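# Architecture at a glance
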Amino acid sequence: MTDLDQLTQSLARNLKRWRGERGFTLDTLAARAGVSRGMIIQIEQARTNPSVGITVKLADALGVSITTLLDYEQGSHVRLVPADQAVRLWSTEAGSATTLLVGAEARGPLELWSWRLMPGDGSRSDPHPEGTVELLHVTAGTLTLVVDDTPYTVPAGTSATFQAHHPHGYRNDGDEICELSMAVSIPPVR
């Protein structure tokens, strides 16, 4: 199975799942997204690979990120996204481009962090409130992300996301400085 086939299958499965979870009929989703009912049927049956524009319209209508609709990794508390699996959404001949590195479904306060870890250094974090999500992108060196005592190697160019209500920490086990950007989404207080 090619990457495109896998993406088409994932989109079909996830679109059907989220439409069902929202209780939307085909007609309801079509009206909300401004996409034809026939197109949605073709996507859900994995018979077509829609444009980025249509995929964004469907994600917006469902209230989820485009990453959630395209995601084919299921079941883990941690998801690593190597650089070659990031989704380039737009580019020009002049060299401008946007790349969706990683995304997650979350509501509430959102924080953006810049980290610099020297070789041999690290930081542990107590679990955050249930529903807290962290997204990170390593720009230099290699990060060792530890979630529930399981280490994950996250080299430069790779992104990751995880549910931060689990015990977690960040280490630089390498010989180079590790730099990363991190976003933390905290659930709203009820």
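## Considerations on the overall build of the protein
- Counting its secondary structure elements, the protein contains five helices and eleven strands.
- For the protein, buried positions account for 37% of its 190 residues.
- Sequence-distant contacts in the protein: of pairs separated by 6 or more residues, those separated by 24 or more amount to 69%.
- As displayed, the protein has an accessible area near 10600 Å², and 51% of this comes from carbon and sulfur atoms.

## Digging into helix H1 (residues 3-22)
- Between the first and last C-alpha of H1 there are 28 Å, a value that for 20 residues agrees with the 28 Å anticipated at 1.5 Å per step.
- All of the buried residues in H1 are Thr8, Ser10, Leu11, Ala12, Asn14, Leu15, Trp18 and Arg19.
- Contacts made by the buried residues of H1 are with helix H2 (26-33), helix H3 (37-44), helix H4 (52-62) and helix H5 (66-70).
- Downstream of H1 by one or two residues, Gly23 has phi in the positive range, about 75 degrees.

## A look at H3
- Looking only at H3, the buried set comprises Ile40, Ile43 and Glu44. Looking down the long axis of H3, one finds its buried residues gathered within 95 degrees of arc, a one-sided arrangement.
- Packed against the buried residues of H3 are H1, H2 and H4.
- The first or second residue beyond H3 is Ala46, which carries a positive phi of 55 degrees.

## A closer look at the side chain of Ser159
- Looking at where Ser159 falls in the secondary structure, it is placed in strand E9 (residues 159-163).
- Looking at Ser159, the relative accessible area reads 1%, which means it is buried.
- Only 2.8 Å separates the side chain of Ser159 from the side chain of His137, close enough to count as a polar contact.
- When residues no more than four places from it in sequence are discounted, the contact partners of Ser159 are Arg79, Leu80, Val81, Leu101, Val102, Leu136 and His137.

## Some words on the pairing of strand E6 (residues 133-140)
- Along E6, six of the eight residues are buried, which leaves the element largely enclosed by surrounding structure.
- With five bridges joining them, E6 and E9 adopt antiparallel strand pairing. Bridge pairing links Val133 to Gln163 in E9.
- Here seven bridges tie E6 to strand E11 (residues 178-185), and the two strands are oriented antiparallel to one another. In the strand pairing of E11, Val133 is matched with Ser185.

Analysis parameters
- Residues numbered from 1 in each chain as written.
- Predicted model: local features only at pLDDT ≥ 70, side-chain atom pairs only at ≥ 80, totals over all residues.
- Heavy atoms only, no water.
- Helix = DSSP H or I, 4+ residues; strand = E, 2+ residues; numbered from the N terminus.
- Buried < 20%, exposed > 50% of the residue type's maximum accessible area, 1.4 Å probe, protein only.
- Contact = heavy atoms within 4.5 Å.
- Areas by Shrake-Rupley, 256 points an atom, 1.4 Å probe, with all protein chains shown as cover.
- Expected span 1.5 Å × (residues − 1).
- Arc of directions from axis to C-beta.
- Polar contact = N/O pair within 3.5 Å; in protein donor to acceptor, adjacent residues only side chain to side chain.
- Pairing = 2+ DSSP bridges.

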